[in-house]
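Breakdown of the fold
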2 protein chains.
Amino acid sequence: MHRNTHWLAVLAPMFLIGGTVGVATRAIAAGDDLQVRAQAAFKPIDRPAPNKAVRVELGRQLYHDPRLSRSGAISCASCHNLASGGVDNRETSLGHKAQVGGRNAPTTLNASVHLAQFWDGRAKDLTEQAKGPILNPGEMALPSEAEAVKIIRSVPGYQKAFKAAFPGSGVTYQNIAVAIADFEKTLVTPSRFDDYLRGRKDALSTAEKKGLKTFMDKGCVTCHSGVGVGGGMYMKFGMVAPYKHQADEGRFAITKDPADKFVFKVPSLRNVQKTYPYFHDGKVWSLDEAVAIMGKTQLGVDLSGEERASIVAFLKALDGDLPPQAMRIPELPVSGPDTPRPSL
Amino acid sequence: MHRNTHWLAVLAPMFLIGGTVGVATRAIAAGDDLQVRAQAAFKPIDRPAPNKAVRVELGRQLYHDPRLSRSGAISCASCHNLASGGVDNRETSLGHKAQVGGRNAPTTLNASVHLAQFWDGRAKDLTEQAKGPILNPGEMALPSEAEAVKIIRSVPGYQKAFKAAFPGSGVTYQNIAVAIADFEKTLVTPSRFDDYLRGRKDALSTAEKKGLKTFMDKGCVTCHSGVGVGGGMYMKFGMVAPYKHQADEGRFAITKDPADKFVFKVPSLRNVQKTYPYFHDGKVWSLDEAVAIMGKTQLGVDLSGEERASIVAFLKALDGDLPPQAMRIPELPVSGPDTPRPSL
């Protein structure tokens, strides 16, 4: 909503929603308040300083390189597609020989601000995360760290790039993961909501501000807060009422603590419009339905259609763009004579 | 080789190869001749004029959109990866449910200059080609043209883009293919060889010029000529001696003409260094071996190691870069509420 918009245009949607001038007036009066409350609950996201350029460039290649899979056909980007919000928009991903994955692929966008990685937080950071799917027999399915190193080391262009990026150590499995993580740390998507948090009151439309207010008033912000608008804590899915598809026991499988049954990392809501389908099982395709389920299972409330629509309007303001450099397809270095060939 | 290089540096490699000053002198004397001969046999490639921008942009999205597959996981770019020379560097590609394809995925780079599409030429142009894999049950496996149209039409962003790109007709299967083809027509990669053909004599090194001469003298140019350095005719694989992996009958399956047994489109050699493995069956991984096989099966000669290395040096000068716009990852428009979901 731009400052020079006529005040009637600003008020008109509120009349429709609030029904009376009084409601509209209160909503506007609450405007300053709302920003202060939002600034206390959330934190704007910053693009990282453009450093470690050699590692980032190398990581960008590795992120897109299907040679890190047994079939030579699956890269990180296959399931974490930068063309579609860092996800594959499937319930769960397809891995080696089209095996169906166990959980929905979370986005790599802004993942660096999460308290830990994977839905169950079993990897402490992006570097540890990157080491997982490459060796997972149901995903990229390389047989060992040694095989991954052998493949990458056999590519003359990578030999050279690793020497430049990791002068002491060259190609190691750790360094492959570090480079991928360094690239992923650049996948940050500032949004209009960040402009709002930084003080630009007109960065959100009236409808979006109303949605933000509903989001905070109803309690969504209890978990979806901080720089990620989520991603900062673990929470039981089904706090108040069980989730209708409840099956996956979440962090319990890692910690064996009964208190962790059905506990998952709270996902970041940045770019949530693009990262459908929703939840750890990817069983819910509509954002409206996802919001309804959250209300019921986490807050014990039946959000009205209007409340849900308002929250969704706010959530769409969390869309952001990747930096242009991250949206470039890398040119992959050609294989060498000893590069292991794809297999099934 | 730059003009200001000392003449001894130019001659030295020739001494090693030719063994006598006489041979080196003849090679240099033949230099001008070689360019004239090359200009008669080949044609430089031009980047297309930047027109039809709306269709090209739309085609770039569709080329990368996995929603054009039944699983929602395979796009044109999966097998024709712009990060790796427009191919997937697999013997044959993996399609729906990891089915193994029948022939090696040919590159989309410079494909617009080919006389026809597919290894057997069964599609007359890129538009007809694009219609194939989407519906092929072993590839992207959509059940029908109608389903492809339903998917694309259900995406609000595509509705709008098709209206702009095809004002009369909007989303049709034909228009999906036309947009993809219009994007593919921009995948043109001028190389140093084109600079040479345009008159810049120092665009190729002495070794590369020697390789070009061998390529022409030995007869490779008989089939690998014109703007594509191939792609302009059909030829029997095994003219003089049978190919050791001979099995696929090529164009015979299309024409039923016994003269077409084992006949394939001669592939373009542009970017051949990146488009391994080689031949319609992808059974040969080394360019040196591919050149040796060509000598034996098509020309009836046993090329020496030195001759093969020289030809390979020339072939590497056919590498070119895609325009920066084609190397951008598109942002795909989000699905609508009625977009059909991926299945297996």
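Computed from a predicted structure; not experimentally measured.

Details of the overall build of chain A
- Along chain A, the regular secondary structure elements total 14 helices and 2 strands.
- Scaling as 2.2 N^0.38, a compact globule of 344 residues should have a C-alpha radius of gyration of about 20 Å, and chain A matches this with 22 Å.
- Overall, the C-alpha framework of chain A stretches about 75 × 45 × 30 Å when taken along its three principal axes.
- Per-residue burial over chain A gives 53% buried out of 344 residues.
- Counted over contacts in chain A with a minimum sequence separation of 6, partners at least 24 positions apart contribute 71%.

Details of the pattern of salt bridges
All names here are of chain A.
- Here the structure, examined in full by the defined rule, presents 46 salt bridges over all chains.
- With its nearest N and O atoms 2.7 Å apart, the salt bridge here joins Arg 60 to Glu 57. Placement of both Arg 60 and Glu 57 in helix H4 (residues 53-63) is noted, with a separation of 3 residues, approximately one turn of the helix.
- With a shortest N-O distance of 2.8 Å, Arg 67 and Asp 65 are connected by a salt bridge. The residues Arg 67 and Asp 65 share a single accessibility class, namely buried.
- Here the residues in one salt-bridge network are Arg 103, Asp 120, Arg 122 and Asp 248, joined through shared partners.

Focus: the packing of aromatic side chains
- Tallied over the full model, the rule gives 26 aromatic pairs over all chains.
- For the pair Phe 42 of chain B and Phe 215 of chain B, a centre-to-centre distance of 6.3 Å together with 40 degrees between the ring planes defines the contact as tilted. With Phe 42 of chain B in the loop between helix H2 (21-41) and helix H3 (53-63) and Phe 215 of chain B in helix H10 (residues 206-218), this residue pair connects regions lying 173 residues apart in the sequence. Per residue, the accessibility class of Phe 42 of chain B equals that of Phe 215 of chain B, and both read buried.
- Pairwise contacts between aromatic rings join Phe 42, Phe 193, Tyr 196, Phe 215 and Phe 314 of chain A into one cluster.
- Just above the ring of Tyr 234 of chain B sits the side chain of Arg 251 of chain B; from NZ or CZ to the centre is 3.8 Å.

Brief notes about the interface of chain A and chain B
- Taken together, the contacts link 33 residues of chain A with 34 residues of chain B.
- When chain A packs against chain B, the two sides together hide about 2,600 Å² of surface, and 64% of this comes from carbon and sulfur.
- Taken together, the connections running from chain A to chain B amount to 2 salt bridges.
- In this structure, Lys 274 of chain A engages Glu 331 of chain B in a salt bridge whose closest nitrogen and oxygen atoms are separated by 3.0 Å.
- Taken together, the connections running from chain A to chain B amount to 10 residue pairs in polar contact (both at pLDDT 80 or more).
- Here the residues of the side of chain A that touches chain B sort into 17 nonpolar, 7 polar and 9 charged.

Some details on the relation of the copies chain A and chain B
- Relative to chain B, chain A is turned by 180 degrees and slid 0.0 Å along the rotation axis, the superposed coordinates differing by an RMSD of 0.0 Å. Such a combination of rotation and displacement between the chain copies is what one expects of a two-fold axis. Measuring from the rotation axis to each C-alpha of chain A, the shortest distance belongs to Arg 328 of chain A, at 2.3 Å.
- An overlap of 100% is found between the interface residues of chain A and their copies at the interface of chain B, pointing to a shared contact surface.

Here we look at the side chain of Asp 88 of chain A
- Position of Asp 88 of chain A among the secondary structure elements: in the loop between helix H5 (76-79) and helix H6 (126-135).
- Nearest to the buried, unbridged Asp 88 of chain A among oppositely charged side chains is Arg 90 of chain A, at 4.8 Å.
- A distance of 2.6 Å separates a polar atom in the side chain of Asp 88 of chain A from a polar atom in the side chain of Ser 93 of chain A.
- Beyond its immediate chain neighbours, meaning those up to four positions away, Asp 88 of chain A contacts Ser 78, Cys 79, Ser 93 and Ala 105 of chain A together with Gly 72 of chain B.

Section: H10 of chain B
Residue and element names in this part refer to chain B.
- Here H10 contains 13 residues, and its C-alpha end-to-end distance of 18 Å stays within 8% of the 18 Å for a straight helix at 1.5 Å per residue.
- If you check which residues of H10 are buried, you get Thr 206, Glu 208, Gly 211, Leu 212, Thr 214, Phe 215 and Met 216.
- Looking one or two residues beyond H10, the residue adopting positive phi is Gly 219, at roughly 105 degrees.

Concerning the packing of H3 of chain B against helix H8 (residues 173-184) of chain B
Residue and element names in this part refer to chain B.
- For the pair H3 and H8, interaxial distance at closest approach is 7 Å and the crossing angle is 100 degrees. The angle between H3 and H8 falls in the class roughly perpendicular. Contacts from Arg 55, Val 56, Leu 58, Gly 59, Arg 60, Leu 62 and Tyr 63 in H3 reach Ile 176, Val 178, Ala 179, Ile 180, Asp 182, Phe 183 and Glu 184 in H8.
- Of the residues that constitute the contact of H3 with H8, the class distribution is 9 nonpolar, 1 polar and 4 charged.

Comments concerning the nonpolar core
- Formed by 78 residues in total, the largest nonpolar core has its most connected members in Leu 62 of chain A together with Leu 62 of chain B.
- Those residues in contact with Leu 62 of chain A, other than ones at most four positions away along the chain, are Leu 68, Cys 76, Ile 152, Tyr 158, Phe 162, Ile 176, Ala 179 and Ile 180 of chain A.

Section: the environment of Gly 157 of chain B
- Residue position: Gly 157 of chain B is located in helix H7 (residues 156-165).
- Taking the C-alpha atoms as reference points, Gly 157 of chain B and Val 334 of chain B, 177 residues apart in sequence, are found 7.2 Å from one another.

Details of the environment of Arg 328 of chain B
- Within the secondary structure, Arg 328 of chain B sits in the segment after helix H13 (305-316).
- Taking the C-alpha atoms as reference, Arg 328 of chain B lies 8.9 Å from Arg 60 of chain B; in sequence the two are 268 residues apart.
- Other than its neighbours up to four places away in sequence, Arg 328 of chain B contacts Met 327 and Ile 329 of chain A together with Arg 60 of chain B.

Digging into the confidence of the model for chain A
Residue and element names in this part refer to chain A.
- Mean pLDDT over chain A stands at 92; residues scoring 70 or higher make up 90%.
- Of the regions scoring below 50 in pLDDT, residues 1-30 engages in 23 contacts with residues more than four places distant in sequence or in other chains.
- Under the prediction, the complex receives an ipTM of 0.89, its pTM being 0.90.

Some remarks on the state of the cysteines
- Scanning the model with the defined rule gives 0 disulfides over all chains in all.
- Note on Cys 79 of chain A: no disulfide assigned, nearest cysteine sulfur contributed by Cys 76 of chain A at a separation of 9.1 Å.
- The thiol of Cys 223 of chain B is not disulfide-bonded; the next cysteine sulfur, from Cys 220 of chain B, is found 9.3 Å away.
- Owing to a relative accessible area of 16%, Cys 223 of chain B belongs among the buried residues under this scheme.

Description of helix H14 (residues 305-316) of chain A
All names here are of chain A.
- In a regular helix each residue adds 1.5 Å, so 12 residues correspond to 16 Å; H14 covers 16 Å between its end C-alpha atoms and thus fits that length.
- Turning to H14, its buried residues number three or more, namely Arg 308, Ser 310, Ile 311, Val 312, Phe 314 and Leu 315.
- In this structure, the buried side of H14 is in contact with helix H10 (192-197), helix H11 (206-217) and helix H13 (287-299).

Describing unusual backbone geometry
- Note that the residue after Tyr 276 of chain A, namely Pro 277 of chain A, is joined by a cis bond; omega there is -10 degrees.
- Located in the positive-phi region is Asn 110 of chain B, a residue other than glycine, with phi close to 60 degrees.
- Tracing the backbone shows Asn 110 of chain B in the loop between helix H4 (76-79) and helix H5 (126-135).

Observations regarding the packing of H3 of chain B against H7 of chain B
Residues and elements named next belong to chain B.
- Packing of H3 against H7 leaves a shortest axis separation of 9 Å and a crossing angle of 145 degrees. Relative to H7, the crossing made by H3 is left-handed. Facing Val 54, Arg 55, Leu 58, Gln 61 and Leu 62 of H3, the residues of H7 in contact are Tyr 158, Ala 161, Phe 162, Ala 164 and Ala 165.
- Its residues placed into classes, the contact of H3 with H7 shows 8 nonpolar, 1 polar and 1 charged.

Parameters at a glance
Residues numbered from 1 in each chain as written. Chains lettered and ligands numbered in written order. Predicted model: local features only at pLDDT ≥ 70, side-chain atom pairs only at ≥ 80, totals over all residues. Heavy atoms only, no water. Helix = DSSP H or I, 4+ residues; strand = E, 2+ residues; numbered from the N terminus. Rg over C-alpha atoms; globule rule 2.2 N^0.38 Å. Buried < 20%, exposed > 50% of the residue type's maximum accessible area, 1.4 Å probe, protein only. Contact = heavy atoms within 4.5 Å. Salt bridge = Lys/Arg side-chain N within 4 Å of Asp/Glu carboxyl O. Phe/Tyr/Trp six-rings, centres within 6.5 Å; stacked < 30°, edge-to-face > 60°. Lys NZ or Arg CZ within 6 Å of the ring centre and 35° of its normal. Buried area = accessible area lost by both parts, 1.4 Å probe. Polar contact = N/O pair within 3.5 Å; in protein donor to acceptor, adjacent residues only side chain to side chain. Nonpolar A, V, L, I, M, F, W, Y, C, P; charged D, E, K, R; others polar. Least-squares fit on C-alpha atoms with pLDDT ≥ 70 in both. Lys, Arg positive; Asp, Glu negative; His and termini not counted. Expected span 1.5 Å × (residues − 1). Axes fitted to C-alpha atoms, helices over the stretch in contact; angles between N-to-C directions. Parallel < 35°, antiparallel > 145°, perpendicular 65-115°, else oblique. Core = buried A, V, L, I, M, F, W, Y, C linked by side-chain atoms within 4.5 Å. pLDDT = per-residue confidence, 0-100. Disulfide = S-S within 2.5 Å. Left-handed = near helix turned anticlockwise from the far one by under 90°.

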